[in-house]
Amino acid sequence: MKVLLWLFGILALVVVGGYIVLFTAIGNSTLKLIVEEKINNATNLNSKFKIFSISFSEFEIDLALDTQNSVYAKGNYSLADQSFDFVYDVKLEKLEYLNELTKKKLQGPLYTSGTVNGDAYFIRIDGISDVALSDTKYHIELKDFKPSAIIAQMNNADLAALLTLTNNKHYADA
């Protein structure tokens, strides 16, 4: 009987400890440093979290990739259902700062925002963007993390802005 009580006590301690590490302010501050380090190692950038908050069913992050580029996301998730629903806002004011990450010379600004919802098997992404000074709306569906549908509607795009964005010479207007 003592062994059973000890096992139950150890299991309870592990569960409470895991909850504290993952879903409290103390745990978030520790996890924030670990995630920042992983992102910086993977991207060769000096990224910093302005906001990093994860609770049992909600999260909010604001990641400054550098002084001019940031990624914000806020939403809900369920570990049991492996589902999520969140909004995002990506502000890339100086794409040239991300050349190391993109492996392509890009320049200028790019903004996009939208919603992502789904689960581990089917994800829907709906958003808007200003790529090439346009009014762009897009809808993307992923099945098993592979694209199954991509629909984009782009209005009033400027070819010169697209050429500048992709670091190509301005040789045509449209």
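Basis of the calculations
Residues numbered from 1 in each chain as written. Predicted model: local features only at pLDDT ≥ 70, side-chain atom pairs only at ≥ 80, totals over all residues. Heavy atoms only, no water. Phe/Tyr/Trp six-rings, centres within 6.5 Å; stacked < 30°, edge-to-face > 60°. Helix = DSSP H or I, 4+ residues; strand = E, 2+ residues; numbered from the N terminus. Salt bridge = Lys/Arg side-chain N within 4 Å of Asp/Glu carboxyl O. Pairing = 2+ DSSP bridges. Axes fitted to C-alpha atoms, helices over the stretch in contact; angles between N-to-C directions. Contact = heavy atoms within 4.5 Å. Patch = residues over 30% accessible without salt bridge, like charges linked within 9 Å, V, L, I, M, F, W, Y side chains within 5 Å. Areas by Shrake-Rupley, 256 points an atom, 1.4 Å probe, with all protein chains shown as cover. Buried < 20%, exposed > 50% of the residue type's maximum accessible area, 1.4 Å probe, protein only. pLDDT = per-residue confidence, 0-100. Core = buried A, V, L, I, M, F, W, Y, C linked by side-chain atoms within 4.5 Å.

Asks: Would you take a moment to explain the packing of aromatic side chains for this structure?
Replies: Each aromatic ring pair is summarised here by two numbers: the centre-to-centre distance and the angle between the ring planes. Summed over all chains, the structure comprises four aromatic pairs. With 6.3 Å between their ring centres and 45° between their planes, F59 and Y77 make a pair best called tilted. Of this pair, F59 sits in strand 2 (residues 58–64) while Y77 sits in strand 3 (residues 69–78), placing them 18 residues apart in sequence. Aromatic side chains F59 and F86 sit 5.6 Å apart centroid to centroid with 65° between the ring planes, which places their arrangement in the edge-to-face category. Taken as a pair, F59 in strand 2 and F86 in strand 4 (residues 83–92) lie far apart in primary sequence, 27 residues in all. Aromatic ring contacts, followed pair by pair, group F59, Y77, F84 and F86 into a single cluster.

Asks: For this particular structure, what's the right way to read the pattern of salt bridges?
Replies: Within the structure shown, the criterion is met by one salt bridge. A salt bridge links K91 to D89, with the nearest nitrogen and oxygen atoms 3.7 Å apart.

Asks: Quick question: what am I supposed to make of the sheet that holds strand 5 (residues 110–119) here?
Replies: Note on sheets: strands pair through backbone hydrogen bonds, and any given pair is parallel or antiparallel. Spatial strand order, 1-2-3-4-5-6-7-8: eight strands in an open sheet with antiparallel pairing. Strands with a single pairing partner mark the edges of an open sheet, and in this sheet they are strand 1 (48–54) and strand 8 (146–155). This sheet shows a mean twist of 10° between the axes of neighbouring strands, independent of strand direction. Looking at chain direction, strand 4 and strand 5 are connected through ten bridges and run antiparallel. Bridge pairing in strand 5 places K91 opposite Y111. Of the strands in this sheet, strand 1 and strand 2 are in contact with helix 2 (residues 25–43), which crosses strand 1 at around 130°.

Asks: For this particular structure, what's the right way to read a nonpolar patch on the surface?
Replies: A contiguous nonpolar surface patch, about 510 Å² in accessible area, is contributed by V16, Y19, I20, F56 and L79. You can call L79 exposed: its relative accessible area is 56%.

Asks: Which parts of the structure should I look at to understand the confidence of the model for the protein?
Replies: Note: predicted coordinates in regions of low pLDDT should not be interpreted at a detailed level. Mean pLDDT over the protein stands at 88; residues scoring 70 or higher make up 95%. When pLDDT is averaged over each helix and strand of the protein, the minimum, 75, is found for helix 1 (residues 2–23) and the maximum, 97, for strand 6 (residues 122–129).

Asks: I'm lost on the nonpolar core in this one. Help?
Replies: Among soluble globular proteins, nonpolar side chains are generally buried collectively. Among the nonpolar cores identified, the biggest contains 24 residues, and Y88 and I125 are the most heavily contacted of them. Every element with two or more residues in this core is listed here: strand 1, strand 2, strand 3, strand 4, strand 6 and strand 7 (135–143). It is strand 4 that contributes the most residues to this core, four residues altogether. For I125, the contacting residues outside a window of four places in its chain are Y88, T115, V116, Y138, H139, I140 and L142.

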